[in-house]
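Here are the chains, one letter per residue:
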Amino acid sequence: MGTKKSNKLYAAAAALAVTASAVAPGLTADAATKVTVKSVTNPASISHYGGYTFAVKKLSLPKTVKVLLSNKKYENRSVKWGKVSYDKKYIGKYQTISGTVSGTTKKASIKVKLNNYPVDVVEPKLAPVAVGEKLNLPSTIDVKYKDGKVIARSAKSFNLTAEKTDKAGEMKLSYNYMGKNSSIKGSIAYEVKAAEITNVMGEVKVDDLSVSADVKFPAKDAKAQLLIFPGKDESKALPAIDGKLENGKFTASGKNIPVGTHSFAIKIGDVVSPAKDFTIEAPMVKEVKAINGKDHVVEFNKAVDKITAENKANYEISVNNGAALATTAYTVAVDEKDPTKVKITLADTAALSNGAYVSVKVKKAILDKNLKPLADDFTKTFTFIDNSAAEIEKVEVDGNDLKVTFNDYVSEVGLVKVNGVVKAAAAASAYSKELVISGGATGLDNGTYSVQIANVKDIANINAASGAGTPNLTTFTSGNFTISNVTVAPTVSKVEKVDEDTFKITFNKPVTQPTVVAKKNGLDLTVAAPVSGAAGKEWTVTVSNNGGVALYNTGETSVNLALNISAFKAVADNVVGDAVNQSVTLSKDTTAPVVETRFNEIVDADSSATVNEVFNIKFDEVIGNLDASKIILTDKDGVRRTVSDANIVADSTGAFTILQVESTAVQAASGAILSGAYTIALGAGTVKDSALNSNAATSVSFTKATGTTTDFAVTATASANVITLPFGTPMTNSAIDLSNYKLDNKALPAGTIAYFDGSKNTVKIELPAGSVARTQAAVLTVSSSVVSEAGAKLDTASRNQVIATGLVDNVKPTLVSAKKLTSTTVEVTFSENLAAVTNAANTQDDFVVKINGVNFTVSAVADGTPNDNKVVLTVAPYNVDQTLTVAMADATINIADIANNTVEAKTVVTATK
């Protein structure tokens, strides 16, 4: 072995050789060392997640490899590797990478396995979301990997940013997807939508509007409303109507909308659909047609008010250009099943003949069910022709009789047979639709039978002059009927209350008089003999007290009765019905009669040529027990006029519901009531209903119109803020309705009053204090709703006119501020210019100046610039740094504006520097 020195030299030489080899790998070790690389130890294989682009940690190959030298020693040599391929064909497989080792020609190699790694995120398509609603996120999101596979990954691993749905628009959710050794950043688009309102539909039924629409993406908790714009003016919507929004469908309805063409829109949250027009028709007649020689039908577009529609005075019928038929020549009735139809039935003697020229006038006084009048009178003229013969419509069994109903009125029938057997028959009345075959069902067993009738004549031409035509002839007509209850015992169908002491028993067929026992709390009441109705199918029973057993005890208004109904038998076959127990509840009428104001009218009570006009006051039920001493009549001036007569009379239906009041004191010589306004006060107990309930004290108004019925002019004037309108003709209360006036296109100020002055010919409008800001002309606008008692309106020129004088400033000036000028002076400012202010004790006293509650007397008032809004006060010396207040006195104020309105008292301001 060498010495230590020689060993050191050897080591240095070896190191030099290695260095030389590293610098020039192709060279072998120098002769001095003779050290070579015998072999290279390849590194262990590597697995790597993630490609180069998205990898969090890059693929890192060993920087050195271990080599065995010829001297049997190992050392690490640097190595330069070839490139790793990221092609998808290598995913999940090993690829061998060769490396150049420094100082040797020998190669190193390493096996690298690329595990599958994400290269992209498949952006999900998110459904649009409504404003304020929660975004519907998927639970997984697809990730595309290098080998082409797409794998769903939990949305939680994407670190999504918070969603925002507070407003509509295109939005994005940012994400940062973290895989194994990979990170992909991006965003997911979504849309926040405002409400989408489509398929908006509106349907008008009479006075109601029904609306529907499809709604998508309504904002969370959004109100769903129907907006209605009267006259299509979208600046004047009616109060919004809440609708129903359910399962994407909006529905709403507007009730009792005024007549006219309007528009509507649907509002969902802040989104409003385009407006759509709709029209509420005025009540009108659609058609008048003759069904036969007696029956006419008037068809309206809306259900009508029964009272006005059945008032015969609201119709005029003339035939062949003759005078209008007397109201006794026809009846009028609203169809109970269809109140849009009114049936006019001519009297027998007025039945039409073929070729008759007919005119039917329907007056606009008829109201619909909402009490709106017809748009206008309606007249239909036509030539009547009836060529249809009468036929049997139905046959009914009525006890032992048969009742045959035709589809037209008949004037004559020929041979009548029941199942081939000739029977006697008679019309229920002349010109009738019903024929009764007396005993036609007698002796018939259960089964179906026929009725045959020959030579049936209707009423066409029955009233024509001789030779002017003949009725339509039906040579033969037939109908069937069924007998099914010959041996079936009669039964009680129902028991129902009639009034407070009467009830009605209805049987399934006509029966003999039943025996009825009525008990209250197990005790018998007195029962009057039942009274027959509807040919024995209905029996009315009245009950009353039985000694100490009272129908109603003191304080009772309702009572339940236990009934036993027995001893009745069928009229047709004497089959006895079983006794039956029933109950019925009766109740007292405790409702007082009430005046139906809209039916009050002035009428001529004398049907002859003599005139005798009276006041008719209509009640809502039958009345009696008149106490005329409780009737007080006054005229427009409040003067009490004598009531010369008072009676209770029948209305058009025959019910005694009208209190008729006559006063010769307000009649002209002709018997007509003098024009003007009248009030009739009815004291409590003036009338009573059938249950002896007294009317409450009330008063009713009447107006007898007079004057012009054409448009007329009026000139408005004013004095001291009182506007006078001398109409010159009696006006309705519309003339004192403040809503019918505007001043300079604004509603009259609060506190304004309007009244008739002296008579209903003149109206005065008093404007309140503080309502006129300056003395100048103004425009008075009068609504077209202002009408006279005769129905006339102002002409166009009078509806907008300038009132040149008389409107004067009546607004008090107010103290608005104060300013400290010096330690002895304060400048005060008012809300408007003042009249000249003089320095005097009474103007100095108008002001109260204080500091910390200490009064600083005003010794002078200086008006530097006349007629401006400032004055300067002189006071005792004060510290300008202290708080100083100026107030107007609470006593008489002398300082005033140019219109002589004194300054508002008790106002206080704090002075500034």
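For clarity, every value in this text was computed on a predicted model and none was experimentally measured. (Residues numbered from 1 in each chain as written. Predicted model: local features only at pLDDT ≥ 70, side-chain atom pairs only at ≥ 80, totals over all residues. Heavy atoms only, no water.)

Notes on the environment of Ala-777
Line of reasoning, step 1. By the element assignment, Ala-777 lies in the loop between strand S61 (762-766) and strand S62 (778-782).
Line of reasoning, step 2. Residue classification places Ala-777 among the partly exposed residues on the basis of a relative accessible area of 37%.
Line of reasoning, step 3. Once the C-alpha coordinates of Ala-777 and Lys-433 are considered, the two residues, 344 residues apart in sequence, prove to be 75 Å apart.
Line of reasoning, step 4. Aside from chain neighbours lying at most four places away, what touches Ala-777 is Val-802, Ile-803 and Ala-804. (Helix = DSSP H or I, 4+ residues; strand = E, 2+ residues; numbered from the N terminus. Buried < 20%, exposed > 50% of the residue type's maximum accessible area, 1.4 Å probe, protein only. Contact = heavy atoms within 4.5 Å.)

With respect to the pattern of salt bridges
Line of reasoning, step 1. All chains considered together, the criterion is met by 30 salt bridges.
Line of reasoning, step 2. Here Lys-289 and Glu-299 are joined by a salt bridge, their closest N and O atoms 3.1 Å apart. In this pair, Lys-289 is assigned in strand S22 (residues 285-290) and Glu-299 in strand S23 (residues 295-300), connecting sequence segments 10 residues apart.
Line of reasoning, step 3. Two residues, Lys-457 and Glu-412, come together in a salt bridge whose shortest N-O distance is 3.8 Å. Pair noted here: Lys-457 is in strand S35 (residues 447-458) and Glu-412 is in strand S30 (residues 401-412), with a separation of 45 residues, a long-range link.
Line of reasoning, step 4. With relative accessibility at 30%, the residue Lys-457 sits in the partly exposed group.
Line of reasoning, step 5. The network of salt bridges with common partners includes Lys-494, Glu-496, Lys-504 and Glu-538. (Salt bridge = Lys/Arg side-chain N within 4 Å of Asp/Glu carboxyl O.)

Side note on the layout of surface pockets
Line of reasoning, step 1. Taken as a whole, the largest pocket encloses approximately 970 Å³ of empty space.
Line of reasoning, step 2. The wall of the largest pocket is formed by 28 residues, among which Asn-311, Ala-313, Glu-601, Val-603 and Ser-652 lie closest to the centre.
Line of reasoning, step 3. Contributions of two or more residues to the lining of the largest pocket are made by helix H2 (306-309), strand S46 (601-604), strand S47 (613-618) and strand S52 (658-662).
Line of reasoning, step 4. With four residues, the top contributor of residues to the lining of the largest pocket is S46.
Line of reasoning, step 5. Among the residues making up the lining of the largest pocket, the classes are represented as 11 nonpolar, nine polar and eight charged. (1 Å grid on protein atoms, 1.4 Å probe; cavity = no way out; pocket = protein on both sides within 12 Å on 5 of 7 lines; lining within 4 Å. Points joined across faces, edges and corners; volume = space filled by probe spheres on them. Nonpolar A, V, L, I, M, F, W, Y, C, P; charged D, E, K, R; others polar.)

Considerations on the pairing of S62
Line of reasoning, step 1. What you see with S62 is a clean split: Ala-778, Leu-780 and Val-782 sit on the buried side and Val-779 and Thr-781 on the side with no burial.
Line of reasoning, step 2. Both strand S58 (residues 741-743) and S62 contribute to a ladder of three bridges, which runs antiparallel. In the strand pairing of S62, Tyr-741 is matched with Val-782.
Line of reasoning, step 3. The pairing of S62 with strand S63 (residues 800-803) spans four bridges and is antiparallel. Paired with Leu-780 across the two strands is Gln-801, which belongs to S63. (Pairing = 2+ DSSP bridges.)

Thoughts on the side chain of Ser-566
Line of reasoning, step 1. Position of Ser-566 among the secondary structure elements: in strand S44 (residues 558-566).
Line of reasoning, step 2. Once residues within four sequence positions are removed from consideration, Ser-566 is found in contact with Pro-514, Thr-515 and Ala-579.

Focus on the sheet that holds strand S69 (residues 870-875)
Line of reasoning, step 1. Spatially, four strands are ordered S64-S65-S69-S68 in an open sheet, and the strand pairing comes out antiparallel. In this open sheet, the two edge strands, each paired with only one partner strand, are strand S64 (815-820) and strand S68 (858-862). Geometrically, the sheet is characterised by an average inter-axis angle of 25 degrees between neighbouring strands, direction not taken into account.
Line of reasoning, step 2. As judged from the five bridges shared by strand S65 (residues 825-830) and S69, these two strands associate in the antiparallel manner. Bridging across to S69, Val-828 finds its partner in Val-871. (Axes fitted to C-alpha atoms, helices over the stretch in contact; angles between N-to-C directions.)

Let's talk about the sheet that holds strand S51 (residues 645-649)
Line of reasoning, step 1. Strand order in the open sheet made by the four strands is S46-S47-S52-S51, with antiparallel pairing throughout. Looking at which strands have only one partner, the edges of the open sheet turn out to be S46 and S51. Within the sheet, the average angular offset between the axes of one strand and its neighbour, ignoring direction, is 30 degrees.
Line of reasoning, step 2. Relative to S52, S51 runs antiparallel, the two being bridged by five bridges. Opposite Ala-646, over in S52, you have Val-661 as the bridge partner.

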